Amino acid sequence: MNVSSEQNIEANRQWQLAGRPQGAPTLSDFNLVTIDKPTPKDGELLLRVVYLSLDPYMRGRMNDAKSYAAPVAIGDVMVGGTACRVEASNHPDFAVGEWVLSYSGWQDYAISDGTGLLKLGAEPSQPSYALGVMGMPGLTAYMGLLDIGQPKAGETIVVAAATGAVGSLVGQIAKIYGCKVVGIAGGANKCRSAVEDLGFDACVDHKSPDFAEQLAKACDAGIDVCFENVGGKVFDAVLPLLNTSARVPLCGLISQYNATSLPEGPDRLSMLMGSLLIKRIKMQGFIVFDDYGHRYDEFSQAMTQWLQEGKISYREHLVDGLASAVESFIGLLEGKNFGKLVVRVGPDQL
């Protein structure tokens, strides 16, 4: 798809939430509308979205349920982090052409008064990296692993969704800290990439019929840290392998995001609680910017150095065109992406 020809510079396309999904989202839960391009008032600036981040947390924001953030209202623009260029400015602190990190959502243009914007400079070499390795996923991996997981050299670290935006970085950071890293991913290609491209010691395919047995074999000394992104049958296989004093940073539960009822089978809660007690396991959830936003500079310095030294490999799954956002998001929840999923909404140049 030719992005520049797709975009009408005088109009603003928006993906709005049309309905609350019952289970997995479908195309009918979204509505693509076109409105006039907005005009900034005094003290405001017009942002043109160039890159849009698609992330699993967005599924939760589609539900009308109490959570750490308010749900998207029916008829509102879908939320999302964006890397934008300033197209027009009536704000003294922002110049036309600058790149900024914002939360403009699934649309071509947005108005801002400058609140919450992070300047990326006039010509960043990789502006989309601010949505991935240098942004929310990177900060999530860094803080979740190091602050909650507290890995020690020689320990075994397991990370689910191992080739995803967060998991791929968790495993590589753990290797920097001298740990044995076992990934869990869906499919032979992803597992192969985790080992050959990311440097994991092993990676187990959760689609394999003997997944639990393979995981136990790969983690022959047990599991000291499980960076949890998935839940469900993946964590069922992890739980009996957790060592005494293991740590479980609870980042996400993507296997449950589309669930409309409790899973079938026995109640696992008592087994979980018993394991936490007997083995003195620490399990902690976190919301990265609420809990760690004030430590972004610490993360940024470390990640920048690791990238410069070639210690971190980063992969983007880039798709072209705002029109592809819904299909790509649905695929993300099904595990079809390979790396950090980013939509190129418009051309980089002004």
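*Asks:* So what's going on with the overall build of the chain? Which residues, and what values?
*Replies:* The helix and strand tally for the chain stands at 11 helices and 15 strands. Over its C-alpha atoms, taken along the principal directions, the chain stretches across nearly 60 × 45 × 35 Å. Taking the contacts inside the chain whose residues are at least 6 apart along the sequence as the reference set, 69% of them involve residues at least 24 apart. Carbon and sulfur atoms form 52% of the exposed surface of the chain, whose accessible area is close to 15800 Å². Placing the 29 positive and 39 negative side-chain charges of the chain at their respective mean positions leaves the two points 5 Å apart.

*Asks:* Lay out the side chain of Thr-156 in plain terms, naming residues and giving numbers.
*Replies:* If you trace the backbone, Thr-156 turns up in strand β8 (residues 156–160). Of the residues examined, Thr-156 reaches a relative accessible area of 4% and is grouped as buried. Excluding residues that lie within four positions of it along the chain, Thr-156 makes contacts with Lys-180, Val-182, Cys-219, Gly-222, Ile-223, Asp-224 and Val-225.

*Asks:* Now, about the pattern of salt bridges: what can you tell me, with residues and values included?
*Replies:* Applying the stated criterion across every chain, the model contains 15 salt bridges. Across the pair Lys-119 and Glu-98 runs a salt bridge, and its minimum N-O distance is 3.4 Å. With Lys-119 in strand β7 (residues 118–121) and Glu-98 in the loop between β4 (82–89) and β5 (99–102), this pair connects stretches of sequence that are 21 residues apart. Note that Arg-295 and Glu-298 form a salt bridge whose closest N and O atoms lie 3.0 Å from each other.

*Asks:* If you had to explain the sheet that holds strand β13 (residues 282–285) to someone new, which residues and values would you point to?
*Replies:* Across the sheet, 6 strands lie side by side as β10-β9-β8-β11-β12-β13; this open sheet has parallel pairing. Edge positions in the sheet fall to β10 (202–205) and β13, since each of these pairs with one other strand and no more. Neighbour-to-neighbour, the strand axes of the sheet open up by a mean angle of 15°, direction not taken into account. For strand β12 (residues 242–250) and β13, the ladder comprises 4 bridges, and the chain directions are parallel. Residue pairing for β13: Arg-247 is matched across the bridge by Lys-282. Where helix α3 (residues 136–149) meets the sheet, it contacts β8, β11 (223–227), β12 and β13, and its direction lies at approximately 145° from that of β11.

*Asks:* Which residues make up the nonpolar core, and what are the values?
*Replies:* Nonpolar side chains tend to gather and get buried jointly when the protein is soluble and globular. Residues Tyr-142, Leu-145, Ile-173 and Met-303 are the most contacted members of the largest nonpolar core, which totals 36 residues. Among the secondary structure elements, those contributing two or more residues to this core are α3, β8, α4 (167–176), β9 (180–185), α5 (188–196), β11, α9 (288–292) and α10 (296–308). It is α3 that provides the largest number of residues to this core, a total of 7 residues. If near-sequence neighbours (up to four positions away) are discounted, Met-303 is found in contact with Val-133, Met-134, Ile-173 and Ile-312.

*Asks:* A description of α4 should follow, citing residues and the corresponding values.
*Replies:* α4 sits mainly inside the fold: 8 of its 10 residues count as buried. Buried within α4 are the following residues: Gly-167, Ser-168, Leu-169, Val-170, Gly-171, Gln-172, Ile-173 and Ala-174. Next to the buried residues of α4 lie α3, β8, β9, β11 and α10.

*Asks:* Tell me what's going on with the state of the cysteines, and back it up with residues and numbers.
*Replies:* Among covalent bonds in proteins, the disulfide is the one between the sulfur atoms of two cysteines. Inspection of the entire model under this criterion finds 0 disulfides. Between Cys-179, a cysteine without a disulfide, and Cys-219, which holds the nearest cysteine sulfur, the sulfur-to-sulfur distance is 13 Å. Looking at Cys-179, the relative accessible area reads 3%, which means it is buried. This cysteine, Cys-203, is not joined by any disulfide, and Cys-191 carries the nearest cysteine sulfur, 3.5 Å off.

*Asks:* For unusual backbone geometry, give the residues involved together with the corresponding values.
*Replies:* For residues that are not glycine, phi is negative in most cases, and the peptide bond is trans in most cases. Phi at Ala-161 is positive, roughly 50°, even though this residue is not glycine. One can find Ala-161 in the loop between β8 and α4. Classification of Ala-161 by relative accessible area gives partly exposed; the value is 32%. For Arg-280, which is not glycine, the phi torsion reads 55° and is therefore positive. Looking at the secondary structure, you find Arg-280 in the loop between α8 (269–278) and β13.

*Asks:* Talk me through the packing of aromatic side chains; I want residue IDs and the actual numbers.
*Replies:* This model, assessed by the stated rule, comprises 11 aromatic pairs. With a centroid separation of 6.4 Å and 80° between ring planes, the pair formed by Phe-30 and Phe-329 is classed as edge-to-face. Remark: Phe-329 occurs in helix α11 (residues 325–333) and Phe-30 occurs in strand β2 (residues 30–36); sequence separation between them is 299 residues. Note on accessibility: Phe-30 and Phe-329 belong to one class, buried. Seen in terms of ring centroids, Tyr-51 and Trp-99 are 6.3 Å apart; in terms of plane orientation they differ by 25°. Their pairing is stacked.

About the thresholds
- Residues numbered from 1 in each chain as written.
- Predicted model: local features only at pLDDT ≥ 70, side-chain atom pairs only at ≥ 80, totals over all residues.
- Heavy atoms only, no water.
- Helix = DSSP H or I, 4+ residues; strand = E, 2+ residues; numbered from the N terminus.
- Contact = heavy atoms within 4.5 Å.
- Areas by Shrake-Rupley, 256 points an atom, 1.4 Å probe, with all protein chains shown as cover.
- Lys, Arg positive; Asp, Glu negative; His and termini not counted.
- Charge placed at Lys NZ, Arg CZ, Asp CG, Glu CD.
- Buried < 20%, exposed > 50% of the residue type's maximum accessible area, 1.4 Å probe, protein only.
- Salt bridge = Lys/Arg side-chain N within 4 Å of Asp/Glu carboxyl O.
- Pairing = 2+ DSSP bridges.
- Axes fitted to C-alpha atoms, helices over the stretch in contact; angles between N-to-C directions.
- Core = buried A, V, L, I, M, F, W, Y, C linked by side-chain atoms within 4.5 Å.
- Disulfide = S-S within 2.5 Å.
- Phe/Tyr/Trp six-rings, centres within 6.5 Å; stacked < 30°, edge-to-face > 60°.

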